[in-house]
Amino acid sequence: MTTFVVEIRYTSDRELLERTRPAHRDYARSLAERGVLLAGGPLADGTGGLLVYATADRDELDSLLAADPYTEAGVIAETTVREWTPLTGSWVS
């Protein structure tokens, strides 16, 4: 598995964000239950979110990101993806 850190930045359309949030959270929960989404949540300043994924490769990650209701609805203005190698912490066995 490859670990990725994904930062998303929302558009300024707060109404669209609020309307889409329940579907996004349901989707995120389903990924967490599968063990694909290790952690995720909004940034404290409300401008976006941070997510940590464990996927087979970048192609799988890109597919998951494309299927996110936030992506489909146009809530996300920018996405930054970084491959990450965690060395310490509870995720490391």
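In short, a report on the structure. What you see is a predicted model; the values in this text were computed from it and never measured.

## As for the nonpolar core
Inside soluble globular proteins, nonpolar side chains tend to come together where they are buried.
Here is step 1 of the chain: Val6, Ile8, Leu31, Tyr53 and Tyr70 are the most contacted members of the largest nonpolar core, which has 19 residues in total.
Here is step 2 of the chain: With 5 residues, helix H1 (residues 14-33) is the largest single contributor of residues to this core.
Here is step 3 of the chain: In this structure Val6 touches Gly49, Leu50, Leu51, Tyr53, Leu61, Leu65, Thr79, Thr80 and Val81, once residues within four positions along its chain are discounted.

## Some thoughts on a nonpolar patch on the surface
Here is step 1 of the chain: Together, Leu38, Trp84, Trp91 and Val92 give the surface a local cluster of nonpolar side chains, amounting to about 350 Å² of exposed area.
Here is step 2 of the chain: With respect to the helices and strands, the residue Trp84 is situated in strand E4 (residues 76-84).

## Focus on H1
Here is step 1 of the chain: With 20 residues, H1 ought to run about 28 Å at 1.5 Å a step, and its terminal C-alpha atoms sit 28 Å apart, in line with that.
Here is step 2 of the chain: The largest bend in H1 is about 45°, located at Arg21, with the proline Pro22 one to four residues further on.
Here is step 3 of the chain: The set of residues buried in H1 consists of Leu16, Leu17, Thr20, Arg21, His24, Tyr27, Ala28 and Leu31.
Here is step 4 of the chain: Considering only its buried residues, H1 is in contact with strand E1 (2-10), strand E2 (37-42), strand E3 (48-55), helix H2 (58-67) and helix H3 (69-73).
Here is step 5 of the chain: Its side-chain oxygen placed 3.3 Å from the backbone nitrogen of Glu15, Asp13 serves as the N-cap of H1.
Here is step 6 of the chain: Directly after H1, the chain includes Gly35, whose backbone phi takes a positive value near 80°.

## Some details on the environment of Arg58
Here is step 1 of the chain: As for its position among the elements, Arg58 is in helix H2.
Here is step 2 of the chain: Take Arg58: its relative accessible area is 39%, and that puts it in the partly exposed class.
Here is step 3 of the chain: Put simply, Arg58 and Val36 are 22 residues apart on the chain and 13 Å apart in space, counted from C-alpha to C-alpha.

## Focus: the packing of aromatic side chains
Here is step 1 of the chain: Summed over all chains, the structure comprises 1 aromatic pair.
Here is step 2 of the chain: Measuring from centroid to centroid gives 5.7 Å for Tyr10 and Tyr70, while their planes differ by 80°, and the two rings are edge-to-face. On the criterion of sequence distance, the pair formed by Tyr10 in strand E1 and Tyr70 in helix H3 is long-range, its members being 60 residues apart. Here Tyr10 and Tyr70 have matching classes, each one buried.

The rules behind the values
Counting restarts for each chain, with residues numbered from 1 along the sequence as it is written. Thresholds applied to this predicted model are a pLDDT of at least 70 for local features of residues and 80 or more for the giving and counting of side-chain atom pairs; totals over whole chains, interfaces and linings are not thresholded and use all residues. Note: side-chain values were computed over all heavy atoms of the structure, leaving out hydrogens and water. Nonpolar core, defined: a set of buried Ala, Val, Leu, Ile, Met, Phe, Trp, Tyr and Cys residues in which side-chain atoms within 4.5 Å join the residues together. Relative accessibility thresholds used throughout: buried, under 20% of the residue-type maximum; exposed, over 50%; partly exposed, between the two (1.4 Å probe, protein chains only). Counting from the N terminus, the helices are DSSP H or I runs at least four residues long and the strands are E runs at least two residues long. Only heavy atoms enter the contact rule, under which two residues are in contact if any of them lie within 4.5 Å. Two distance rules govern patches: like charges are joined within 9 Å, and nonpolar side chains (Val, Leu, Ile, Met, Phe, Trp, Tyr) within 5 Å, applied only to residues with over 30% relative accessible area and no salt bridge. Using a 1.4 Å probe, the Shrake-Rupley method yields the accessible areas, and only the shown protein chains count as cover for residues. Between Lys or Arg on one side and Asp or Glu on the other, a salt bridge is scored when a side-chain nitrogen of the former is within 4 Å of a carboxyl oxygen of the latter. A helix is expected to reach a length of 1.5 Å times the quantity of its residues less one. Here the bend at each residue means the angle between axes fitted to two seven-residue stretches, the one ending at that residue and the one beginning there. Whenever two N or O atoms come within 3.5 Å, that pair is a polar contact, provided that in protein one can donate a hydrogen and the other can accept it, and provided that, for residues adjacent in sequence, both atoms are side-chain atoms. For this analysis, a ring pair means two rings from Phe, Tyr or Trp (six-membered ring only for Trp) whose centres lie within 6.5 Å, classed as stacked if their planes differ by under 30 degrees, edge-to-face if by over 60, and tilted for the remaining angles.

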